[in-house]
Amino acid sequence: MNITIIGGGGFLGQKLARALVARGTLDGRQISCITLADVNDPAGITDARVPIKTARCDITDPASVAQVVTGETDVIYHLAAVVSSHAEEEFEEGMQINLHGTLNILERCRELDSVPLLVFTSSLAVYGGEVPDPITEVSLLNPQSSYGTQKAIGELLVNDYARKGYIDGRGVRLPTISIRPGKPNRAASSFMSSILREPLNGQMANCPVDEDFQHYYLSPRKCVENLIRVAEISAGDLGGNRILQMPGRTLSIRQMIDAMTAVAGSEPARLITWQPEEAVRQIVGGWRFDINADRALALGLEADGSFEENVRAYIEDDRPAG
Ligand SMILES: NC(=O)c1ccc[n+]([C@@H]2O[C@H](COP(=O)([O-])OP(=O)(O)OC[C@H]3O[C@@H](n4cnc5c(N)ncnc54)[C@H](O)[C@@H]3O)[C@@H](O)[C@H]2O)c1
């Protein structure tokens, strides 16, 4: 089985590739090759168990997509995107990458005689506005950002290309993934990792919202397990709606900090400052957190047992040594 991860140089793409290599199989079939494709040269992964290729690919260019999605490609993970604040500030770039780039990948699949399985990563940003809680499978998609709108359109397209038989499509709305390693990114949710990551690394971090701010989270480990599981669900079990809400946990900032303290002691929490940031508050204040993921849970996707697990996973998998 040949797997191409588009956006394979990114945070989740790299973790997904490592998890697939460690498994060696997907849906009971041997993985023969993984291609990491990204607009920025993806970091290579060397592992004797599975050959891993890297390729430069810009999804805004159909010819570039055609080089990494071929008749030999069995599974495509489409993770490439520019994230929320970035897509909001650079409208044209967001449209080109998140919307037209997704369409280019789907159109490439349509050209092929094969019917590749495609997993698309959507977002909680598809929800918003005047829609009653809790958010369920049948809630109206009412995105309040360009990013959310681009993801919502991507979901519809994945459903339609699957209905037409061009792909075996699946989409998952990811919770906010925390604790994300590395540097802050241009997601409005960036602080939801940095207020834990930086203190766990011995550095200061600012929390721009109040401690009772609630949101819906999942660890990188669980997210990657779920991305693999999504590809293994039988098409029949998905039926006519190929899009799932990936399960997460709703937590306040205070609960996350308490979990960090339970795992790492009281020192990290002292490194958090509390300066309100109006621009961030305005974006995240409209985000939804009362979310029901029953269908995905019934299909075998999972949330973390507790936020302590997220903190431990960061320390074990990602915290820089020293
Ligand atoms: N991490 C989260 O909390 C979260 C939450 C909801 C949804 N998502 C979605 O999950 C996916 C992966 O997220 P991530 O956190 O790994 O993001 P990331 O930014 O780390 O990775 C995305 C990758 O896409 C690549 N990319 C951007 N433009 C491209 C282009 N034109 N052609 C090819 N590649 C391009 C980037 O170089 C980057 O490596 C994204 O689609 C994101 O919208 C993530």
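All of these numbers come straight from a predicted model, not from anything done at the bench.

The rules behind these values
Residues numbered from 1 in each chain as written. Predicted model: local features only at pLDDT ≥ 70, side-chain atom pairs only at ≥ 80, totals over all residues. Heavy atoms only, no water. Helix = DSSP H or I, 4+ residues; strand = E, 2+ residues; numbered from the N terminus. Contact = heavy atoms within 4.5 Å. Domains from an automatic or database assignment. Buried area = accessible area lost by both parts, 1.4 Å probe. Salt bridge = Lys/Arg side-chain N within 4 Å of Asp/Glu carboxyl O. 1 Å grid on protein atoms, 1.4 Å probe; cavity = no way out; pocket = protein on both sides within 12 Å on 5 of 7 lines; lining within 4 Å. Points joined across faces, edges and corners; volume = space filled by probe spheres on them. Buried < 20%, exposed > 50% of the residue type's maximum accessible area, 1.4 Å probe, protein only. Near = heavy atom within 4 Å. Polar contact = N/O pair within 3.5 Å; in protein donor to acceptor, adjacent residues only side chain to side chain. Areas by Shrake-Rupley, 256 points an atom, 1.4 Å probe, with all protein chains shown as cover. Pairing = 2+ DSSP bridges. Right-handed = clockwise from strand over helix to strand, strands pointing away.

Things to note about the environment of Glu-277
Along the chain, the position of Glu-277 falls in the loop between β14 (272-273) and α10 (278-284). C-alpha separation for the pair Glu-277 and Cys-207, spaced 70 residues apart in sequence, amounts to 8.4 Å. Not counting the four nearest positions on each side in its chain, Glu-277 is found in contact with Asn-206 and Pro-208.

Some remarks on the domain arrangement of the chain
Split into domains, the chain comes out as domain 1 (2-175 + 219-245) and domain 2 (188-215 + 249-289 + 304-317). On a C-alpha basis, the centres of domain 1 and domain 2 stand 27 Å from each other. The interface of domain 1 with domain 2 comprises 14 residues on the first partner and nine residues on the second. Both sides of the domain 1 and domain 2 interface together cover about 1,000 Å² of buried area, and 43% of this is carbon and sulfur. Put simply, domain 1 and domain 2 have three salt bridges between them. A salt bridge links Arg-221 to Glu-316, with the shortest nitrogen-to-oxygen separation between them at 2.7 Å. Those elements giving two or more residues to the side of domain 1 that touches domain 2 turn out to be α3 (84-89) and α7 (220-232).

A closer look at empty space enclosed by the protein
Taken as a whole and judged by the stated rule, the model has one cavity of 30 Å³ or more. In this structure, the largest cavity spans a volume of roughly 30 Å³. Surrounding the largest cavity, Ile-179, Pro-220, Arg-221, Asn-310, Ala-313, Tyr-314, Asp-317 and Asp-318 form its lining. Contributing elements (two or more residues each) for the lining of the largest cavity: α7 and α12 (307-317).

Looking at helix α6 (residues 191-200)
In terms of burial, α6 is largely enclosed, as ten of its ten residues are buried. Downstream of α6 by one or two residues, Gly-202 has phi in the positive range, about 85 degrees.

As for the site of the ligand
In the vicinity of the ligand there are 25 residues, among which Leu-12, Asp-38, Tyr-147, Lys-151 and Arg-180 approach most closely. Between the ligand and Leu-79, the relevant distance is 3.0 Å, taken from an oxygen atom to a main-chain nitrogen or oxygen of the residue. Tyr-147 places a polar side-chain atom, nitrogen or oxygen, 2.6 Å from an oxygen atom of the ligand. If the ligand stood free it would expose 820 Å²; the protein chains cover 89% of that surface.

Description of the side chain of Gln-150
Within the secondary structure, Gln-150 is located in helix α5 (residues 146-163). What makes Gln-150 buried here is its relative accessible area of 1%.

What to know about the pairing of strand β7 (residues 117-123)
It is a general feature of regular strands that their side chains alternate between the two faces of the sheet. Of all the seven residues making up β7, seven are buried; the element is thus mostly covered by neighbouring parts of the structure. Burial along β7 is two-sided: the face carrying Leu-117, Val-119, Thr-121 and Ser-123 and the face carrying Leu-118, Phe-120 and Ser-122 are both buried. Looking at chain direction, strand β6 (residues 75-78) and β7 are connected through four bridges and run parallel. Counted as the bridge partner of Val-75 is Leu-117 from β7. Judged from the seven bridges that link them, β7 and strand β8 (residues 168-174) form a sheet pairing that is parallel. Note that in β8 the partner of Leu-117 across the bridge is Asp-168. Following the chain from β7 across α5 to the adjacent parallel β8, one finds a crossover that is right-handed.

A short note on the pattern of salt bridges
All chains considered together, the criterion is met by 24 salt bridges. For Asp-168, the salt bridge is made with Arg-242, and the minimal N-O distance between the two is 2.8 Å. Remark: Arg-242 occurs in the loop between α8 (235-238) and β12 (243-245) and Asp-168 occurs in strand β8; sequence separation between them is 74 residues. Grouping residues by exposure puts Asp-168 and Arg-242 together as buried. One network of salt bridges, with partners in common, ties together Glu-89, Glu-90 and Arg-186.

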